[in-house]
2 protein chains.
Amino acid sequence: MLRNQEQILSKIANNDGHGENSAFFDGWKAYDSDPYHPTQNPNGVIQMGLAENQLSMDLVEEWVRNNPQASICTPEGASRFKDIAIYQDYHGLPEFRIAVARFMEKVRGNRVRFDPDRIVMSGGATGTQETLAFCLADPGDALLVPTPYYPGNDRDLTWRTGIELIPVVCDSSNDFKMTRDALETAYNKAQETNTKVKGLLLNNPSNPLGTVLDRETLSMAINFINDKNIHLICDEIYSATVFDEPGFISIAEILQESPDTNPELIHIVYSLSKDLGFPGFRVGILYSYNDAVVTCARKMSSFGLVSTQTQLLVASMLSDEEFMEKFLAESTARLCARRGTLRQGLAQMGVGILKGSAGLYCWMDLRRLLKAATFEAEMELWRVIVNDVRINVSPGASFHCSEPGWFRVCFANMDDETMRVALGRISKLVMQSNKNSESRKPCRRRSKLEISLSFRRLDEIMMSPHSPMTSPLVRART
Amino acid sequence: MLRNQEQILSKIANNDGHGENSAFFDGWKAYDSDPYHPTQNPNGVIQMGLAENQLSMDLVEEWVRNNPQASICTPEGASRFKDIAIYQDYHGLPEFRIAVARFMEKVRGNRVRFDPDRIVMSGGATGTQETLAFCLADPGDALLVPTPYYPGNDRDLTWRTGIELIPVVCDSSNDFKMTRDALETAYNKAQETNTKVKGLLLNNPSNPLGTVLDRETLSMAINFINDKNIHLICDEIYSATVFDEPGFISIAEILQESPDTNPELIHIVYSLSKDLGFPGFRVGILYSYNDAVVTCARKMSSFGLVSTQTQLLVASMLSDEEFMEKFLAESTARLCARRGTLRQGLAQMGVGILKGSAGLYCWMDLRRLLKAATFEAEMELWRVIVNDVRINVSPGASFHCSEPGWFRVCFANMDDETMRVALGRISKLVMQSNKNSESRKPCRRRSKLEISLSFRRLDEIMMSPHSPMTSPLVRART
């Protein structure tokens, strides 16, 4: 950027707080510049870096065809066009709030109740997270976040708000479970630098782990935040994307069982981008037990209201109880089957994944393929995977993982055949790696040469100022 | 708020930067608590405080019925459901950006060209304004804004960004035209307090004045900002809502004629909330001539993307050239007729309005009805209008007007019959006022008594903590 530009724009515009400079997003660039297609581009990059749920869209499409009254753009619904198009009350359409609250209850086995008046809209979960950060913390304050965590958190929670995220370090020794000790360590570290900790951010089910938090961990977390009088933000955007045991337990249930906890400290982030597969519709939801936060966040929702056209459609679909039952049953069955295919395929190659029951991805253990237990080696392996194997997966470092060698692999954004091709490619990588580790030096050197060639290929894409990909973070939240 | 709440929430959550405490929004509360209906509530409050365009919605509804392929919720469009629902590229659907750019050109008489790659989405103009503030200025920096100006600017531009708005004082002596002197005065005042001025915000056509900026004023403004090397934000959200002479001149045209101006300083704010009457759809647009701002704002658009369902509909409608021609012609004709009705009705009572050719409102001069030339007297008169006359109009003070006695009256959010009733009510107010000013002291006292009774009525609504209206700023931008 020219010097004048730096002076005439803001610090935010000049900093890199958006977090776009990450392998997480670089991988998308690599995919976007050469996307796989079974016939037209069979050697293209397969996108396994995108947590998108495409497996059950046929059911939704069928519902839409059968329910023309749900849209203001059909003869059956057009008479409502005017009222819906001009409606901009920041509370949202009453039927929308009610339908979202009921759906959130259903997903939690009707073991908790949600008050529709506490449902606040935002522009996707991206907007919800930022709204909460603005409501809860001042610039310089911090939130604790267990690692590994979703890379977009840095953008969503810190970029424009000026707050900080402090990692709570978790590792594979206990399957990345968050402990009270880890929480206290992170909290104390903040105290030492005079950083005010305003809350703890949990993501349950976890992106990238594909695991759910158990009752003990949730109880421990709620006790911790209550002891410290700080907030607990529970990002539950994958709550209906749980397809196996152990099942999902919402913080809402734990709160119900914790009479000594101050409910005003608890806030739930939700969205329809993952559970229904509508990321384009930008439906973000905040559910807060704190009246002042509900009031303030609702005022802030003016910056990211959900289109009323979309509110109406979503309200109609979510309140069709029979359809939603069927959709959830079928969707989870398909996700479970798909994850099974991936898990078994990897197992046959001797590659393990973290045991999980949720999400649109799994957490793949490639530690034994690393040349050394370092993040440099992880990045080197990642470049081989993107350039040579031609798959975009996301390296653990981009999730702030504390130990190198883990990769997030998404499995719900493709068809069965693409998954088969992807598994074939991974298999070749593993075989090559096995071969390399058995072989002598000359072979190793050859392998290294391949890698350095690959580096150039990826760098060429990344560095070109004229690339259409210079703004890679094209997706709002993935 | 309890003390603990104050401590656990942010400064933003605890401050009143949202600007809800204003007669602008109090009037909405008064309307919402007792809305006029011709048969069910004929004594209710008539809403003339809402800049909403409802006069041509029948044309849009007809188009929607005739174009089922424009929606993913019809048999004709449902096959695209999946691709649209999962599309979340922050560049927006290419057809959406192209259609918006072409429409913006059409509205400007095709005298300028807009590059679709510079079209950035936001959550309504509300979101666009905030995005620009984040891109251009740091906390403590300021933008100059000529008065009177739209009250939502305070919320949109300053609340979460921490920047300041500095009024450029305009008054009725020259029909509220902005002069270079007024600009320099405001600029110098900021310098004296060491406040860094980062830009000038113009709203053309003006809300609340209903006027367009002339070529000379626009040229003067562009020279001013170029001289100072500060930004020019042009809010042109009413650009297609110009129905009389003088016509609309966009800053894009002036820029084209100003080879010495640095285009990187120029940014246009647009939206479909006013010109098409779709405030519920939350289509906000930023068009910047500055590459860095386009890049940064696009990253920020993740916080307020337009629903892809809505992008598709809007793209289809805007690219139907024949329909848009017809719509714009008919819409402006209807707006012109409606404004004429209001102007003539008021003229018959001896009430003047500022000469204007645009907007969904006019700027009504009630200075002679004030008991004194003070804002206290303006507020007193406003309370009489809301409580006794039972019309919600917005007092000049809420627009930061520099002289008391002006009121914004919206005319496009109601049918002809409601407009007739409203005029009848205003007529009674004026007659009563004429009578009072001719009468002696005892009468005056009686009039004062009526006013103080009215105060109680309004205050009762405002102050009740249990009122459903405790969050009155229900609309995002009006």
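Nothing here was measured: the structure is a model prediction, and the numbers come from that model.

Draft legend 1. Local environment of the overall build of chain A. Across its full length, chain A carries 17 helices and 13 strands. On C-alpha atoms alone, chain A measures out to a radius of gyration of 23 Å, which is about the 23 Å that the 2.2 N^0.38 rule sets for 478 residues. Expressed as lengths along the three principal axes of its C-alpha atoms, the size of chain A is roughly 70 × 60 × 55 Å. For chain A, contacts bridging at least 24 residues in sequence account for 75% of all contacts bridging at least 6. Summed over its atoms, the accessible surface of chain A is roughly 17,500 Å², and 50% of this surface lies on carbon and sulfur atoms. In chain A, 52 positive and 59 negative side-chain charges are present, and the distance between their average locations comes to 6 Å.

Draft legend 2. Geometry of the interface of chain B and chain A. On the side of chain A, 88 residues touch chain B, which itself brings 88 residues to the contact. Together chain B and chain A conceal approximately 7,500 Å² of surface at their shared face, both sides included; 58% is due to carbon and sulfur atoms. Its largest share of buried area at the contact with chain A, chain B owes to Gln88(B), Arg160(B) and Phe303(B), together 11% of the area lost on that side. Our count for the contact surface shared by chain B and chain A stands at 4 salt bridges. Glu130(B) serves as the salt-bridge partner of Arg160(A), at 3.6 Å between the closest nitrogen and oxygen. Linking chain B to chain A there are 20 residue pairs in polar contact (both at pLDDT 80 or more). At 7 residues, the largest contribution of residues to the side of chain B that touches chain A is made by helix α7 (residues 124-136) of chain B.

Draft legend 3. Expanded view of the side chain of Ser288(A). Residues and elements named next belong to chain A. Tracing the backbone through its elements, the reader meets serine 288 in strand β8 (residues 283-288). Here the side chain of serine 288 touches histidine 267 through a polar contact of 2.8 Å, side chain to side chain. Dropping the residues within four chain positions of it, serine 288 is found in contact with Arg118, Ile266, His267, Val293 and Val294.

Draft legend 4. Just the relation of the copies chain B and chain A, in detail. Of the two same-sequence chains, chain B is brought onto chain A (RMSD 0.0 Å, axial shift 0.0 Å) by a rotation of 180°. Taken together, these values place the two copies in the relation of a two-fold axis. When each C-alpha of chain B is compared by its distance to the rotation axis, Gly304(B) comes out closest, at 2.4 Å. With an isologous cut-off of 70% or more, the 100% of interface residues of chain B that recur at the interface of chain A puts this contact in the isologous class.

Draft legend 5. Quick look at helix α16 (residues 416-438) of chain A. Across its 23 residues, α16(A) extends 33 Å between first and last C-alpha, which sits within 8% of the 33 Å expected from 1.5 Å per residue. The set of residues buried in α16(A) consists of Thr418(A), Met419(A), Val421(A), Ala422(A), Leu423(A), Arg425(A), Ile426(A), Leu429(A), Val430(A), Ser433(A) and Asn436(A).

Draft legend 6. Geometry of the pairing of β8(A). Residue and element names in this part refer to chain A. Most of β8 is tucked away: 6 of the 6 residues are buried. Burial of the side chains of β8 extends over both faces: Val283, Ile285 and Tyr287 are buried on one face and Gly284, Leu286 and Ser288 on the other. Where strand β2 (residues 119-123) and β8 come together, 5 bridges link them in antiparallel fashion. From the neighbouring strand, valine 120 faces β8, where its bridge partner is leucine 286. Relative to β8, strand β7 (residues 266-271) runs antiparallel, the two sharing 5 bridges.

Draft legend 7. The pairing of strand β3 (residues 142-146) of chain A, seen in detail. All names here are of chain A. Burial analysis of β3 places 5 of its 5 residues in the buried class, which makes it a mostly covered element. Of the two faces of β3, both are covered, the one formed by Ala142, Leu144 and Pro146 as well as the one formed by Leu143 and Val145. In this structure, β3 lies alongside strand β4 (residues 164-168), joined through 5 bridges in parallel fashion. By the bridge assignment for β4, alanine 142 is matched with glutamate 164. Assessed by its sense of winding, the connection that carries the chain from β3 through helix α8 (residues 152-159) to β4 is right-handed. Of the pairings in the sheet, the one linking β3 to strand β5 (residues 197-203) comprises 3 bridges and is parallel in character. For leucine 144, the partnering residue across the bridge sits in β5 and is leucine 200.

Draft legend 8. A look at the environment of Val393(B). All names here are of chain B. Of note, valine 393 is situated in the loop between β11 (391-392) and β12 (394-395). Overall, the relative accessible area of 2% leaves valine 393 in the buried class. In this structure the C-alpha to C-alpha distance between valine 393 and tryptophan 63, which are 330 residues apart in sequence, comes to 33 Å. The contacts of valine 393, once residues within four sequence positions are left out, are Met48, Trp382, Ile385, Phe407, Arg408 and Val409.

Draft legend 9. Highlighting the state of the cysteines. For the structure shown, the criterion picks out 0 disulfides over all chains. Cysteine Cys401(A) is unpaired, with the sulfur of Cys170(A) as its nearest cysteine sulfur at 9.3 Å. Cysteine Cys234(B) shares no disulfide, and the gap to the nearest cysteine sulfur, in Cys170(B), comes to 14 Å.

Draft legend 10. Main features of the packing of aromatic side chains. Tallied over the entire structure, the rule returns 37 aromatic pairs over all chains. The interplanar angle of 45° and the centroid separation of 5.0 Å between the aromatic rings of Phe278(A) and Phe281(A) together place this pair among those described as tilted. For Phe278(A), a relative accessible area of 1% translates into the label buried. Taking relative accessible area as the criterion, Phe281(A) reaches 0% and is therefore assigned buried. Between Tyr238(B) and Tyr361(B) the ring centres are 5.3 Å apart and the planes differ by 85°, which places this aromatic pair in the edge-to-face class. Linking Tyr238(B) in the loop between β6 (231-235) and α11 (251-256) with Tyr361(B) in strand β10 (residues 361-365), this pair joins segments that are 123 residues apart in sequence.

Draft legend 11. Representation of the sheet that holds strand β9 (residues 352-353) of chain A in the model. All names here are of chain A. Spatially, 4 strands are ordered β9-β10-β13-β12 in an open sheet, and the strand pairing comes out antiparallel. Both outer strands of the open sheet, β9 and β12 (394-395), are each paired with one neighbouring strand and no more. In the sheet, strand β10 (residues 361-365) pairs with strand β13 (residues 406-410) via 5 bridges, with the strands oriented antiparallel. Each residue of the ladder has a partner; that of tyrosine 361, found in β13, is cysteine 410. Packed on one face of the sheet, helix α14 (residues 321-348) meets β9, β10 and β13 and runs near 10° to β10.

Draft legend 12. Highlighting empty space enclosed by the protein. Tallied over the entire structure, the rule returns 6 cavities of 30 Å³ or more. For the largest cavity, the calculated volume is near 140 Å³. Lining of the largest cavity is provided by 20 residues; of these, Arg160(A), Phe303(A), Arg160(B), Phe303(B) and Gly304(B) occupy positions nearest its centre. The set of elements that each furnish at least two residues to the lining of the largest cavity consists of β2 and α7 (124-136) of chain A together with β2 (119-123) and α7 of chain B.

Draft legend 13. How the structure looks around the sheet that holds β5(A). All names here are of chain A. Taken together, the 7 strands give an open sheet; going across it, the order is β2-β8-β7-β6-β5-β3-β4, and neighbouring strands pair in mixed fashion. Each edge of the sheet is formed by a strand with only one pairing partner; in this case those strands are β2 and β4. Mean inter-strand twist for the sheet, computed between neighbouring axes without regard to direction, equals 25°. Sheet strands touched by α7: β2, β5, β6 (231-235), β7 and β8. Its angle to β7, the strand with the most contacts, is close to 160°.

Draft legend 14. Structural view of the nonpolar core. Residues Phe81(A) and Phe81(B) are the most contacted members of the largest nonpolar core, which totals 332 residues. Not counting residues within four places of it along the chain, the set of residues in contact with Phe81(B) comprises Met57(A), Val60(A), Glu61(A), Val64(A), Phe278(A), Phe281(A), Leu313(A), Ile72(B) and Cys73(B).

Draft legend 15. Quick peek at the UniProt feature "domain: Aminotransferase class I/classII large" (unreviewed entry) in chain A. In the numbering adopted here, UniProt assigns the feature "domain: Aminotransferase class I/classII large" (unreviewed entry) to residues 46-426 of chain A. From the first C-alpha to the last, residues 46-426 of chain A spans 11 Å; its make-up is 42% helix and 15% strand.

Draft legend 16. Focus on helix α12 (residues 291-300) of chain A. Residue and element names in this part refer to chain A. α12 sits mainly inside the fold: 8 of its 10 residues count as buried. Taken as a whole, α12 has its buried residues at Ala292, Val293, Val294, Cys296, Ala297, Arg298, Lys299 and Met300. A side-chain oxygen of the first residue of α12 lies 2.9 Å from the backbone nitrogen of alanine 292; this N-cap is asparagine 290.

Draft legend 17. Looking closely at the environment of Ile266(A). Residue and element names in this part refer to chain A. Positionally, isoleucine 266 belongs in strand β7. Remark: the alpha-carbon pair of isoleucine 266 and isoleucine 98, spanning 168 residues in sequence, is separated by 20 Å. Residues in contact with isoleucine 266, not counting those within four places in the same chain, are Ile222, Ile225, Leu232, Ile251, Leu255, Thr261, Tyr287, Ser288 and Tyr289.

Draft legend 18. How the structure looks around unusual backbone geometry. For the bond from Glu245(A) to Pro246(A), the omega torsion is 0°, close enough to zero to count as cis. Relative to the assigned elements, Pro246(A) resides in the loop between β6 and α11 (251-256). Put simply, Asn204(B) and Pro205(B) share a cis peptide bond, and its omega is -5°. Along the polypeptide, Pro205(B) turns up in the loop between β5 (197-203) and α10 (215-228). In the Ramachandran plot, Asn110(B) falls in the positive-phi region, its phi being about 55° despite a non-glycine side chain. Relative to the helices and strands, Asn110(B) is located in the loop between α6 (94-107) and β2. For Asn110(B), a relative accessible area of 46% puts it in the partly exposed group.

Rules behind the numbers
Going along each chain's sequence as written, the residues are numbered from 1 onward. As they are written, the chains are lettered A onward and the ligands numbered 1 onward, keeping that order. Residue-level local features of this predicted model are given only where pLDDT is at least 70; pairs of side-chain atoms are given and counted only at 80 or more, and the full residue set underlies all totals for whole chains, interfaces and linings. Side-chain numbers here rest on the full set of heavy atoms in the structure, without hydrogens or water. The numbering of helices and of strands both runs from the N terminus, where a helix is a DSSP run of H or I of at least 4 residues and a strand a run of E of at least 2. Radius of gyration here is computed from C-alpha atoms only, and the compact-globule reference equals 2.2 Å multiplied by the residue count raised to the power 0.38. Note on contacts: a residue pair qualifies if any of its non-hydrogen atoms lie within 4.5 Å across the two residues. Where accessible areas are quoted, they stem from the Shrake-Rupley method and a 1.4 Å probe; at the residue level, only the protein chains shown are allowed to cover. In this tally, Lys and Arg are treated as positive and Asp and Glu as negative; His is ignored, and so are the chain termini. Note that the charge is assigned to NZ on lysines, CZ on arginines, CG on aspartates and CD on glutamates. Buried area is understood as the total, over both parts, of accessible area removed when two parts are fitted together, assessed with a 1.4 Å probe. Criterion for a salt bridge: a side-chain nitrogen of Lys or Arg within 4 Å of a carboxyl oxygen of Asp or Glu. Here a polar contact is taken to be a pair of N or O atoms separated by no more than 3.5 Å, where protein atoms must pair a possible hydrogen donor with a possible acceptor and residues adjacent in sequence count only if both atoms sit in side chains. To superpose the copies, least squares is applied to the C-alpha atoms of every residue with a pLDDT of at least 70 in both. For a helix, the expected span equals 1.5 Å multiplied by the number of residues minus one. Per-residue accessibility, obtained with a 1.4 Å probe over protein chains only, is compared with the maximum for each type, and a residue is labelled buried under 20%, exposed over 50%, and partly exposed between these values. One bridge is not enough; two strands pair if DSSP finds at least two bridges between them. Here, the term right-handed applies to a crossover whose path from the first strand over the helix to the second runs clockwise when the strands point away from the viewer. Put simply, a disulfide is two cysteine sulfurs that come within 2.5 Å. Two aromatic rings, drawn from Phe, Tyr or Trp (for Trp, its six-membered ring), form a pair once their centres lie within 6.5 Å of each other, and the interplanar angle then sorts them: stacked below 30 degrees, edge-to-face above 60, tilted otherwise. The axes used here are C-alpha line fits, helices contributing only the stretch in contact, and every angle between their N-to-C directions lies in the interval 0 to 180 degrees. With a 1 Å grid spanning the protein atoms alone, the term cavity applies to any set of points in which a 1.4 Å probe fits but cannot get out, the term pocket to an open set with protein on both sides within 12 Å along at least five of seven lines, and the term lining residue to any residue with an atom within 4 Å of a point. Grid points are joined across faces, edges and corners, and a volume is the space filled by probe spheres set on the points. What we call a nonpolar core is a set of buried Ala, Val, Leu, Ile, Met, Phe, Trp, Tyr and Cys residues that are connected through their side-chain atoms within 4.5 Å. UniProt positions are given in the numbering used here, feature names are shortened, and annotations may be inferred rather than shown by experiment.

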